[in-house]
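Secondary and tertiary structure notes
Read off the chains here:
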Amino acid sequence: MAPRRALRRIDARERGQEHGSHMSALDSGTAERRRQFAEEARSERPDLALLCLLLGAEAGPVGPAEVRPVVPGEAVPDPYGIDAALIELDRLAGLLPYGSRSPAAWASALAGLLGGRCGFGGSSVDYQRLDSSLLQQVLQQVLRRRRGLPILLSVVWIEVARRAGAPVYGVALPGHFVVGFGDRDHPVLADPFAGGAPLTGQDAELLVTGVTGAALEPSMMTPARPLEIVLRILNNVRAWAAARPERTDVALWAVELSLLLPSHPARLRFERAQLLVQRGDFLRGAAEMEEYAAVLDGIEPTTAENVRRKAHAARALLN
């Protein structure tokens, strides 16, 4: 079993080696943002908001170019809405009442501001929108949409509450991300997707049972780390793209960002190779399949041989 566990994750050094080649094919702006993404992901305390915003920038500009004032008479273009979104998170945090409060009071204050006054929330329709997985789009004020998936709305809550000094963290329940306040053994839970509705332990149990058919396990209540949250968002993006075969562009950048994280499922390397083939880059896709097969040789030789056959089939498409 030990070799199989080793297969599922690769370390940062291997990640850097395998992705140095394709980074050169990116335009300079995208390459720089991905460099920043990889650097932030490897930092001692990864900035969740910045990682989510760099992720969102992969989808393209947010609309009419935003500008960020620097000094009187000057402005810096912010077409991907990164600076504007960070400013908005700071602004929202400043709207919370000042003063110490209990975990329940923090949850109530955030629900009143974000769910009530600002209208952040979600519905079933949001699962069909790529924008619902992009933080700057969820925060965008121009359209006043402020809709998103549970995990993205939870990121808004976490980042606003953290800036205000609240003891907040994400709780990655299966199929539905929520936020917790206070004691991690006895948290006060809130559901940002429902506008901040409070969740009792029984509510959380019902949510988990509805998704998994099993009971809520204590491990499910463990606070989610920033990189776990980012990978889960990228998984959502990949799932969105998988249901839309014409959007291999989105699937590719979601996989490539996942591969830039210090720890990720090794099978994503094969998924990237398949996407390259689907997009007509047969030689590069085949070469990456063969590299992945070499990794599998000493662990799952039968699977490695199957991957090599797929690489051969990809090269044959050039004939």
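Refer to the structure printed above.
Basis of the calculations
Residues numbered from 1 in each chain as written. Predicted model: local features only at pLDDT ≥ 70, side-chain atom pairs only at ≥ 80, totals over all residues. Heavy atoms only, no water. Helix = DSSP H or I, 4+ residues; strand = E, 2+ residues; numbered from the N terminus. Buried < 20%, exposed > 50% of the residue type's maximum accessible area, 1.4 Å probe, protein only. Contact = heavy atoms within 4.5 Å. Areas by Shrake-Rupley, 256 points an atom, 1.4 Å probe, with all protein chains shown as cover. Pairing = 2+ DSSP bridges. Salt bridge = Lys/Arg side-chain N within 4 Å of Asp/Glu carboxyl O. Axes fitted to C-alpha atoms, helices over the stretch in contact; angles between N-to-C directions. Expected span 1.5 Å × (residues − 1). Arc of directions from axis to C-beta. Parallel < 35°, antiparallel > 145°, perpendicular 65-115°, else oblique. Left-handed = near helix turned anticlockwise from the far one by under 90°. Core = buried A, V, L, I, M, F, W, Y, C linked by side-chain atoms within 4.5 Å. Domains from an automatic or database assignment.

Turning next to the overall build of the protein. Helix and strand counts for the protein stand at 14 helices and seven strands. A total of 319 residues make up the protein; the buried ones form 46% of that total. Taking as baseline every contact in the protein between residues at least 6 positions apart, the subset at least 24 positions apart corresponds to 57%. Of the roughly 15500 Å² that the protein leaves accessible, carbon and sulfur atoms contribute 54%.

Turning next to the pairing of strand β4 (residues 176–181). Burial analysis of β4 places six of its six residues in the buried class, which makes it a mostly covered element. Side chains of β4 alternate between two faces, with H176, V178 and G180 and F177, V179 and F181 buried alike. Looking at chain direction, strand β3 (residues 168–173) and β4 are connected through six bridges and run antiparallel. Counterpart to G170 in the pairing with β4 is V179.

A few words now on the pattern of salt bridges. Inspection of every chain in the model, using the stated rule, returns 20 salt bridges. Put simply, E159 and R162 hold a salt bridge, and the shortest N to O gap is 2.7 Å. Residue E159 and its partner R162 are located together in helix α8 (residues 150–163), separated by three residues, close to a single helical turn. With a closest N to O distance of 2.7 Å, E159 and R163 form a salt bridge. On the criterion of helical spacing, the pair formed by E159 and R163 is a turn pair, its members being four residues apart in helix α8. Taking relative accessible area as the criterion, E159 reaches 2% and is therefore assigned buried. Given a relative accessible area of 27%, R163 falls into the partly exposed group. What you see here is one network of salt bridges that share partners, running through R34, E58, E256, R272 and E288.

Moving on, we get to the environment of E58. Take E58: it is sitting in the loop between α4 (48–57) and β1 (66–69). Of the residues examined, E58 reaches a relative accessible area of 14% and is grouped as buried. When the C-alpha positions of E58 and V250 are compared, they lie 8.3 Å apart, and in sequence the two are 192 residues distant. E58 has contacts with T30, R34, W253 and L257, leaving out every residue within four places of it along the chain.

As a further point, take the sheet that holds strand β7 (residues 223–224). The sheet built from five strands is open, its strands ordered β6-β5-β4-β3-β7 with antiparallel pairing. A single partner strand is all that each edge strand has here, and the edge strands are β6 (197–199) and β7. Note: β3 against β7, two bridges, orientation antiparallel. Its bridge partner lying in β7, V171 is registered against P223. Against the sheet, α8 engages β3, β4 and β5 (188–191), with an angle of about 20° to β4. In this fold helix α9 (residues 201–212) packs onto β3, β4, β5 and β6, with an angle of close to 85° to the strand it touches most, β6.

Another aspect to go through is helix α13 (residues 282–296). Under the 1.5 Å per step criterion, the end-to-end length of α13 is 21 Å for 15 residues, consistent within 8% with the ideal 21 Å. Within the span of α13, buried status applies to G285, A286, E288, M289, Y292, A293 and L296. For α13, the angular spread of the buried residues around the axis is 165°, confining them to a single face.

Let's shift gears to the packing of helix α10 (residues 226–242) against helix α11 (residues 248–260). Where α10 meets α11, the axes come as close as 8 Å, and the angle between the chain directions of the two elements is 160°. Relative to α11, α10 is oriented roughly antiparallel. For the pair α10 and α11, the crossing hand works out as left-handed. Contacts between α10 and α11 pair L231, L234, V237, R238, W240 and A241 from the former with V250, A251, W253, A254, V255, L257 and S258 from the latter.

Counting 70 residues, the largest nonpolar core has L110, L114, F120, V160, F181, I229 and W253 as the members making the most contacts within it. Of the domains in this structure, domain 1 (35–61 + 79–226) and domain 2 (265–317) are the two that each give at least three residues to this core. The contact partners of W253, leaving out residues within four places of it in the chain, are R34, L55, E58, A59, L134, L234 and V237. V277, Y292, A304 and A314 belong to the second-largest nonpolar core, a separate cluster that totals twelve residues.

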